[in-house]
Amino acid sequence: MDQGTKCQITVNGETLIGEADEPLIPFLAHHDIDVPHICYHPALGPIQSCDTCWITVDGNPRRACATTLTQDMNIRLDSREAMEARDEGLNRVLKNHDLYCTLCDNNNGTCTVHNTVRDMGVEHQVYPYTPKPYEVDASNPFYRYDPDQCILCGRCVEACQNLQVNETLSIDWSLERPRVVWDGGQPINESSCVSCGHCVTVCPCNALMEKSMLGKAGVFTAVPDKARQPMIDAVKAVEPATGFIPIIAVSELDAAMRKQDVRRTKTVCTYCGVGCSFEMWTRGRDILKVEPSEGPANGVSTCVKGKFGWDFVNHEDRLTTPLIRENGRFREASWDEALGLVARRFAEIRDAHGPDALGFIASSKCTNEEAYLMQKFARGVIGTNNIDNCSRYCQNPATTGLFRTVSYGGDSGGIASIEQADLVLIVGSNTAESHPVLATRVKRAHKLRGQQLVVADLRKHEMAERADVFIRPRPGTDLVWLSALSRYILDQGLEDKAFLTERVNGLDELRTSLAPFTLEYAESVSDIPANTLRDLAERVARSSGVCVLWAMGVTQHCSGSDTSTAISNLLLITGNYGRPGTGAYPLRGHNNVQGASDFGAITAFLPGYSPVSDETARARFGQGWGVTLPEKPGLDNHEMVDAVHAGELKSMYVIGEDMALVDSNALYVQSAFEKLDFFVVQDIFLSRTAQFADVVLPAAPSVEKEGTFSNTERRIQRLYEVMPPLGDSRPDWRILTGLAERLGRPWGYTHPSEIMAEAASLTPLFAGVDYTRLEGFASLQWPVAADGTDTPILFTERFPFPDGRARLHPVEWIEPAELPDRSYDLHLNNGRLLEQFHEGNMTNRSRGIHSKVPDTFVELSPEMAQRRGVRDGSRVRLTSRRGSIEARVLVTDRVQGDELYMPMNSVEEPINVLTGSHTDRVTHTPAYKELSVSLEVIEADGPTPLPPHNSRYGHPTPKDGPELREKWRRADYQRPPHKLPEHGGL
């Protein structure tokens, strides 16, 4: 029967209507019919390990978790055979679990084992619990595994193998007492575990627990170990007489008390652009754990940063009061004094030099509402379009390429759409480390569904190792081989002719522009063999749906905009827009870099990407704000630095961006800050940039305020205040509102919802965005119509140009601006790292993360290491035309030949001391990836920069999942309802 076909079933004599092939357990739950189960999880599917969900279907016993709906099936939950099988299954589970709920950190109303015992009304434990011969593994800095609590349900293994697809966990069924193992039997902290937290999240009991929860969850959980066991023994001694029911009742009361004491608040991750959402559990200011469940972008998934990287929130380095520089040193000040000084100096500079003497940088870490206010402040209070955000450093070229060809500069669909692709092409993106949760969806589709994966990158990172096809182009040549694919497809007649005829303009012009890009020319420029490119072109053309993912490896070149355009051209000629499983996905790096641009914190565009030169749009916003808006595009952040050196820009206001470290040619940027007449920085730490400021304003991180973020898939999500701002710090929207009032613009906002309501009323792209439509885990993907209808997949019917047709855009290749020569003979690539985020201002304040990656490093190939006489731990000096830094060496085959790679996770040795001021020709995005250096050995021997407990040294053990057939083959397993010998069996 086809998916989506209605079918009729009978459950305990009641007739129900459902969809054919729909999983039974969630279907019955929707009809308020509960089937006991432990191992089943909606994010994981049927595992079939716990044997607590037995039913009969047409008189035959079957596990409910593995049952889907078929026409006329007759289901009995109340048959004697099913009930006896469920009871037997649960008793076998309890044989493996030391039940002590009231003393357990997991007794919070969400423990699946506890709830199943309660709901099934178990009175006594048939098989006595016996300890396992294994120690607790507490080696990982973030979580611990207690084998005595493990019920061998396999959830953690399924999550690791087939959801996260890190393939670290398995169950060793060959042991006399089976257990979960890491890399086949290594301590957790010496395995390939990346601490993503999937296993902890899906564990149905307390076998896997966050260390931050231990001893903090309830009244009795802090009982010392010496007292704990006697209390457990005392309870177990009375269980034969009282039964479980009164004991469970006591634990239920304890769980209810905990709910009153532990706050659970939905928020959105503050790190990368995937936009994971989850509940954060807190007691006061203690963050007990992060619990993902129903996030529209992530489900139950997290990475190490989102799950465990929140120590920075309560760190002693947090700014909690305004600072004013006097006589070269900072002193504390009141908010009234600090804001008064800022308002007075801004007004003086504007009056003396004009509004364009001031520049404003919004933050990709702040909310949409705060980005909107920052640009409103620049334009509507000061009167300048000198407003920008960090998308200038990474994603503006991708946006430009999409503006040119399809009009909207965002992901064509959602993360779910990427999963549906027949082929995923990743170009210049270390997706598994930069966007780990999104990468899990690609890895899952590749492993379980046979999705084709093609990766083009300089490094053999994880996605490259998994790829069906991996190519290593010469640096800066992606435009050439991408254009060669397009030319070959057109020359061979493999293009989507109907799509081009019906929906696309400019084919003849594109054909002409592609004339130079033969496969042979592409091979000569990119070093990719012509035959490889021919095979790749045919693979792309013949795939039923193609998604292209790209990031800074494309955009941070002088040809970044044109290469992004070439990607979109390739998608258009093959008809890969407007359907699930197709489209362009420029992966956004920061949590709200998409939203910062969407809401107008960008030089040439008002909110919703209306050009500042558009008189109608200017009038609409001007009328809404009660001002006349400037029409000339302002300076971007790169141009602002040049304008400071030229004496034209006198003052800057930077929110939440450490430009002194993350902008290219960092020493040049820092010297500009020293020349400013007046410099204001708003941040949560005294960053390197803040150290140059005249006034530092203490802001609040995401968990201390409300608002919305927009992730890489254009998804707008609400975040709620988890805890109040620390000390006297304030949310950025409150600071901006107070400052505007002091400059004669009393905005009067009392809550971010009012800011969003104003933005939506003035911006057609967000017309239907409303906080009531974003309650809880609800979300909207723009464009959002006034009635609240959003757009998960763009361009299904038309492209948002006047004629509704896309536009192929000719491009031409230019060589990188900086190539290796005799003095600077090596190419230095740079980028992100899984554990750390950017320069590490937040993640380096996590002790656990810092223990995994305590310092930066430079990757060298084995052949270069041999040639230069270096090894792991050697200290080298890298020198470019701008400056020098030092780092220890990591020898790895991830890089080859004369290629080097260095992550940007260092404040002490920032990579951008080396990078230059050359930029993308269109957007002025710095060409961070076009960097040539020399290498000098300082110390031949030294400690390895990655400690031995880093996951990169581990050896994953890929499996199909928990491999339950191995359990079922054991002599001590019999399928319930058959009872086992008194003390034996699984």
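Residues numbered from 1 in each chain as written. Predicted model: local features only at pLDDT ≥ 70, side-chain atom pairs only at ≥ 80, totals over all residues. Heavy atoms only, no water.

(A) Structural detail: the pattern of salt bridges. Applying the stated criterion to the full structure yields 53 salt bridges. The salt bridge partner of Arg487 is Asp491, with a shortest N-O separation of 2.8 Å. You can see Arg487 and its partner Asp491 sitting in helix α16 (residues 478-491), 4 residues apart, about one turn around the helix. Among the ionic contacts, a cluster of salt bridges with common partners joins Glu167, Lys443, Lys447, Glu462 and Arg466. (Salt bridge = Lys/Arg side-chain N within 4 Å of Asp/Glu carboxyl O. Helix = DSSP H or I, 4+ residues; strand = E, 2+ residues; numbered from the N terminus.)

(B) Here's a closer look at the sheet that holds strand β30 (residues 779-781). What the 3 strands build is an open sheet, ordered β28-β29-β30; its pairing is antiparallel. The sheet is open, and its two edges are formed by β28 (707-710) and β30, each paired on a single side. Within this sheet the neighbouring strands show an average axis-to-axis angle of 30°, counted without direction. The pairing of β28 with strand β29 (residues 715-719) spans 4 bridges and is classified as antiparallel. (Pairing = 2+ DSSP bridges. Axes fitted to C-alpha atoms, helices over the stretch in contact; angles between N-to-C directions.)

(C) Quick peek at a nonpolar patch on the surface. A cluster of nonpolar side chains, Val219, Phe220, Met231 and Met257, forms an exposed patch at the surface whose accessible area comes to about 360 Å². Secondary-structure assignment places Met257 in helix α7 (residues 244-261). For Met257, a relative accessible area of 45% corresponds to the partly exposed category. (Patch = residues over 30% accessible without salt bridge, like charges linked within 9 Å, V, L, I, M, F, W, Y side chains within 5 Å. Areas by Shrake-Rupley, 256 points an atom, 1.4 Å probe, with all protein chains shown as cover. Buried < 20%, exposed > 50% of the residue type's maximum accessible area, 1.4 Å probe, protein only.)

(D) Fine view of unusual backbone geometry. Across the junction of Trp782 and Pro783, the peptide omega takes the value 0°, indicating a cis bond. Tracing the chain through its elements places Pro783 in the loop between β30 and β31 (806-807). Residue Pro977 is reached from Pro976 by a cis peptide bond, and omega for that bond is 20°. Backbone geometry at Asn327 places phi at a positive 55°, although glycine is not the residue there. Secondary-structure assignment places Asn327 in the loop between β13 (323-326) and β14 (329-332). Notably, Phe795 is not glycine yet its phi reads approximately 65°, a positive angle. For Phe795, the position within the fold is in the loop between β30 and β31.

(E) Expanded view of the state of the cysteines. Inspection of the entire model under this criterion finds 0 disulfides. Cys272 takes part in no disulfide bond, and the closest cysteine sulfur, belonging to Cys303, lies 6.2 Å away. (Disulfide = S-S within 2.5 Å.)

(F) Geometry of helix α19 (residues 519-526). Listed as buried for α19 are Leu519, Ala522, Val525 and Ser526. The buried residues of α19 all sit within an arc of 125° when viewed along its axis, so they share a single face. Buried residues along α19 sit against α16 and α20 (530-542). Looking one or two places after α19, you find Asp527, whose phi comes out positive at around 70°. (Arc of directions from axis to C-beta. Contact = heavy atoms within 4.5 Å.)

(G) Geometry of the nonpolar core. The biggest cluster of nonpolar side chains holds 63 residues, and the ones touching the most others in it are Phe346, Phe360, Tyr372, Phe377, Tyr653, Val695 and Leu697. By residue number, the principal contributor to this core is helix α9 (residues 335-353), which donates 9 residues. The residues contacting Tyr653, other than those within four sequence positions of it, are Phe346, Gly359, Phe360, Ile361, Met374, Phe377, Val680, Gln682, Leu697, Ile735, Leu736 and Leu739. In terms of nonpolar packing, the next biggest core, distinct from the first, is built from 56 residues, Val554, Ala566, Leu571 and Phe795 among them. (Core = buried A, V, L, I, M, F, W, Y, C linked by side-chain atoms within 4.5 Å.)

(H) Structural context of the side chain of Thr56. By secondary structure assignment, the location of Thr56 is in strand β3 (residues 54-57). On the basis of relative accessible area, Thr56 is assigned to the buried category, the value being 5%. Looking at Thr56, its side chain comes within polar contact range of the side chain of Ser79, at 3.4 Å. (Polar contact = N/O pair within 3.5 Å; in protein donor to acceptor, adjacent residues only side chain to side chain.)

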